[in-house]
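Below, each chain spelled out in residue letters.
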Amino acid sequence: MGVLPDADAKDDTAPEGVRRSGLFGHSLRETGLAAAFLAPSLVIFGLFFYFPFARLVSWGFYDSRQRGSFYERVGFSHYVDVLTSSEFLDGLWISVQFVLLTVPAGLILGTLLAVAAHRRLKGMKIYQTIFSSTIATSVAVAAVLFFGLINPAVGVFKVDWLSNPGTALPALALVAVWKNLGLSFVIVLAGLQAVPDELTEAAMIDGYGAIGRFFKVTLPALTPVLTFLVVALTIFGMQEFALPDIITGGGPEGSTSTLVYTIAQKLDPTNITDGSVMAVGLFGITLIIGLGQFLLLERGMNRD
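Residues numbered from 1 in each chain as written. Predicted model: local features only at pLDDT ≥ 70, side-chain atom pairs only at ≥ 80, totals over all residues. Heavy atoms only, no water.

### Concerning the side chain of Thr258
Then comes step 1: Residue placement: Thr258 occurs in the loop between α11 (242-248) and α12 (259-264).
Then comes step 2: For Thr258, a relative accessible area of 1% puts it in the buried group.
Then comes step 3: A polar side-chain atom of Thr258 sits 2.7 Å from the main-chain carbonyl oxygen of Glu240.
Then comes step 4: Excluding residues within four positions of it along the chain, Thr258 makes contact with Gly91, Ile94, Ser95, Glu240 and Pro244. (Helix = DSSP H or I, 4+ residues; strand = E, 2+ residues; numbered from the N terminus. Buried < 20%, exposed > 50% of the residue type's maximum accessible area, 1.4 Å probe, protein only. Polar contact = N/O pair within 3.5 Å; in protein donor to acceptor, adjacent residues only side chain to side chain. Contact = heavy atoms within 4.5 Å.)

Shown next, in the form of structure tokens:
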């Protein structure tokens, strides 16, 4: 019988650089190259993200005294007080309402337009360009455009939505849906182009009509794309600032004061520490949403 090789024996034939393992079992040369390539990115992120964010977190442990003349360290209780205050919760609730008004509408309209434009017809590229054109429209242009459309005095639709607390937020949501429609359209259209034609042809052979093919083949294949789009639109909605700032100024009666708009009002020395706590709270919310995206995508891929 032959002698089995010793599992613990070292392979002396391996190159010297490979035998000397560095970080996480990699060679010292590989570890050094990885550190060299990562160093510029780490420096940039450290200077422009990690350090400012650490300063932001540290500001939350202080409270302003005598109109910002000095700051007293009050500890974690300041986080509890601000994050449970009515101002933070009201701004968060308005942002959540804004998300509920914009995400489903933007997702459905973008999907319908993408399905309609995903056809091999002459001139379809023109329609695809038109549907995606809102990507190139800035928030300021969209705000001025819709402000002119729904102005009660000179607008095309003479309605008084912006001065009514019950309709001001839906009016802003309408602008946001139109502004993000191009992005939704492009992402879903790219997902449709990645769906294999064999799946659609097999569904046609099985006797499925257009609606049946959409729900049985197209929609399941688009699940990762739609999941990403839902998370992206949700984060956009939670971070909305420009529309209430340009069109309504947070009014009427604070009905459009989203959380980011509320945070932006805390930039003076008297309440900058409150704004810091609110910003950290918003970061935590968006981080949870982002982690939820990765979990949903990973679950979907493992299921496949």
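Having seen the structure, we can now continue with the description.
### Observations regarding the layout of surface pockets
Then comes step 1: Empty space within the largest pocket amounts to approximately 810 Å³.
Then comes step 2: If you trace the largest pocket, you find 26 residues lining it, with Val115, His118, Arg119, Thr200 and Thr218 closest to the centre.
Then comes step 3: Residue assignment for the lining of the largest pocket shows that the elements contributing at least two residues are α4 (86-117), α5 (124-131), α7 (168-193), α8 (197-205) and α9 (210-221).
Then comes step 4: Looking at which element gives the most residues to the lining of the largest pocket, the answer is α9, with 6 residues.
Then comes step 5: Estimates place the volume of the second largest pocket at around 250 Å³.
Then comes step 6: Forming the boundary of the second largest pocket are 15 residues, of which Leu56, Ile263, Ala279, Val280 and Leu282 lie nearest the centre.
Then comes step 7: Taken together, the elements giving at least two residues each to the lining of the second largest pocket come down to α2 (28-59), α12 and α13 (272-303).
Then comes step 8: Ranked by the residues each element gives to the lining of the second largest pocket, the list is headed by α13, at 8 residues. (1 Å grid on protein atoms, 1.4 Å probe; cavity = no way out; pocket = protein on both sides within 12 Å on 5 of 7 lines; lining within 4 Å. Points joined across faces, edges and corners; volume = space filled by probe spheres on them.)

### So, the nonpolar core
Then comes step 1: Membership of the largest hydrophobic core comes to 28 residues, with the highest contact counts inside it found for Ala114, Val188, Leu229, Leu259 and Leu282.
Then comes step 2: Of all the secondary-structure elements, those providing two or more residues to this core are α3 (77-83), α4, α7, α10 (223-238), α12 and α13.
Then comes step 3: Once residues within four sequence positions are removed from consideration, Val188 is found in contact with Gly110, Thr111, Ala114, Leu222, Val225, Leu226 and Leu229.
Then comes step 4: In this structure, Phe146, Ile150, Leu172 and Ala173 belong to the second largest nonpolar core, which totals 15 residues. (Core = buried A, V, L, I, M, F, W, Y, C linked by side-chain atoms within 4.5 Å.)

### Structural notes on the packing of α4 against α5
Then comes step 1: Contact pair α4 / α5: the axes reach a minimum separation of 10 Å and the direction vectors enclose 165°. In terms of axis orientation, α4 runs roughly antiparallel to α5. As for the relative orientation of α4 and α5, their crossing is left-handed in sense. Across from Leu113, Ala116 and Ala117 in α4, the residues of α5 making contact are Met124, Gln128 and Phe131. (Axes fitted to C-alpha atoms, helices over the stretch in contact; angles between N-to-C directions. Parallel < 35°, antiparallel > 145°, perpendicular 65-115°, else oblique. Left-handed = near helix turned anticlockwise from the far one by under 90°.)

### Here's the deal with unusual backbone geometry
Then comes step 1: Cis peptide bonds are those with omega within 30 degrees of zero, and the linkage from Gly251 to Pro252 qualifies with -5°.
Then comes step 2: For Pro252, the position within the fold is in the loop between α11 and α12.
Then comes step 3: For Glu253, which is not glycine, the phi torsion reads 55° and is therefore positive.
Then comes step 4: Within the secondary structure layout, Glu253 lies in the loop between α11 and α12.
Then comes step 5: Judged by its relative accessible area of 75%, Glu253 falls in the exposed class.

### Here we look at empty space enclosed by the protein
Then comes step 1: Counted under the stated rule, the structure contains 2 cavities of 30 Å³ or more.
Then comes step 2: The space that makes up the largest cavity amounts to roughly 80 Å³.
Then comes step 3: Around the largest cavity sit 13 residues that line it, and Thr102, Val103, Ala176, Asn180 and Leu233 are the ones nearest its centre.
Then comes step 4: Going through the elements one at a time, α4, α7 and α10 are the ones with two or more residues in the lining of the largest cavity.
Then comes step 5: When residues in the lining of the largest cavity are grouped by element, the largest group, 5 residues, is from α7.
Then comes step 6: Within the lining of the largest cavity, the residues separate by chemical class into 7 nonpolar, 5 polar and 1 charged.
Then comes step 7: For the second largest cavity, the calculated volume is near 30 Å³.
Then comes step 8: As for the second largest cavity, its lining consists of Phe146, Phe147, Ile150, Leu162, Ala171, Leu172, Val175 and Ile247.
Then comes step 9: Within the residue set of the lining of the second largest cavity, elements represented by two or more residues are α6 (139-149) and α7.
Then comes step 10: Among the elements that take part in the lining of the second largest cavity, α7 stands out by supplying 3 residues, more than any other.
Then comes step 11: Residue classes in the lining of the second largest cavity are distributed as 8 nonpolar, no polar and no charged. (Nonpolar A, V, L, I, M, F, W, Y, C, P; charged D, E, K, R; others polar.)

### Focus: the pattern of salt bridges
Opposite charge on two side chains permits them to pair, given that their charged atoms come into close proximity.
Then comes step 1: For the coordinates displayed, the defined rule picks out 1 salt bridge.
Then comes step 2: The partner of Glu87 in a salt bridge is Lys266, and the shortest N-O contact between them spans 2.9 Å. One end of the pair, Glu87, is in helix α4; the other, Lys266, is in the loop between α12 and α13, with 179 residues separating them in the sequence.
Then comes step 3: We classify Glu87 as partly exposed; its relative accessible area is 37%. (Salt bridge = Lys/Arg side-chain N within 4 Å of Asp/Glu carboxyl O.)

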